[in-house]
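Per-entry structural report
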Amino acid sequence: MYVCVCKAVTDKQITTAINNGVCTRRQLFECFGVGGDCGKCNKQVKELLDQSRSHNPIMAKAVNQPLLNAA
């Protein structure tokens, strides 16, 4: 489904970019130009980013690592 009609960007393209390390709206704008013309897609772009963050918390990997310098 198209998220950004102005730039013809789909939710699958955005999800793929997020899964490959893109983590901000600014980065998505730089990759695809989403949100730069009319801005109607900004809400859905944010929802896709938020959805990804809820499934892949940024600190999850660090929290589960053993302490290296524990005294």
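The structure contained in this document is the topic of the report that follows.

Conventions used here
- Residues numbered from 1 in each chain as written.
- Predicted model: local features only at pLDDT ≥ 70, side-chain atom pairs only at ≥ 80, totals over all residues.
- Heavy atoms only, no water.
- Axes fitted to C-alpha atoms, helices over the stretch in contact; angles between N-to-C directions.
- Helix = DSSP H or I, 4+ residues; strand = E, 2+ residues; numbered from the N terminus.
- Parallel < 35°, antiparallel > 145°, perpendicular 65-115°, else oblique.
- Left-handed = near helix turned anticlockwise from the far one by under 90°.
- Contact = heavy atoms within 4.5 Å.
- Expected span 1.5 Å × (residues − 1).
- Buried < 20%, exposed > 50% of the residue type's maximum accessible area, 1.4 Å probe, protein only.
- Arc of directions from axis to C-beta.
- Core = buried A, V, L, I, M, F, W, Y, C linked by side-chain atoms within 4.5 Å.
- Salt bridge = Lys/Arg side-chain N within 4 Å of Asp/Glu carboxyl O.

1. Digging into the packing of helix α1 (residues 11-19) against helix α3 (residues 42-55)
- As a packed pair, α1 and α3 sit with axes 10 Å apart at the nearest point and diverge in direction by 40 degrees. Classed by the angle they form, the pair α1 and α3 counts as oblique. The hand of the α1/α3 crossing is right-handed. Between α1, through Asp11, Ile14, Thr15 and Ile18, and α3, the contact on the second element is made entirely by Val45, Leu48, Leu49 and Ser52.

2. Concerning unusual backbone geometry
- Despite not being glycine, Ala8 shows a phi value in the positive range, around 55 degrees.
- Inspection of the secondary structure assignment puts Ala8 in the loop between β1 (2-4) and β2 (9-10).

3. Re α3
- Between the first and last C-alpha of α3 there are 20 Å, a value that for 14 residues agrees with the 20 Å anticipated at 1.5 Å per step.
- Inspection of α3 places Val45, Leu48, Leu49 and Ser52 among the buried residues, and these make up the whole buried set. Buried residues of α3 fall within an arc of 95 degrees about the axis and therefore sit on the same side. Exposed and facing more than 90 degrees away from the buried side of α3 are Lys43 and Ser54.
- Against the buried residues of α3 lie β1, α1 and α2 (25-32).

4. Points about the nonpolar core
- Of all hydrophobic cores here, the largest spans 13 residues; its most connected members are Val3, Ile14, Leu28, Val34, Cys41 and Val45.
- Of all the secondary-structure elements, those providing two or more residues to this core are β1, α1 and α3.
- In this view, Ile14 contacts Val3, Val9, Leu28, Phe32, Val34, Val45 and Leu48; residues no more than four positions away in its chain are not counted.

5. Some remarks on the pattern of salt bridges
- Per the stated rule, a full pass over the model turns up 3 salt bridges.
- In this structure, Arg53 and Asp50 form a salt bridge, with 3.4 Å as the shortest nitrogen-oxygen distance. Placement of the pair is Arg53 and Asp50 together in helix α3, with a separation of 3 residues, close to one helical turn.
- Residue Arg53 is classed as partly exposed on the basis of its relative accessible area, which comes to 37%.
- For Asp50, a relative accessible area of 32% corresponds to the partly exposed category.

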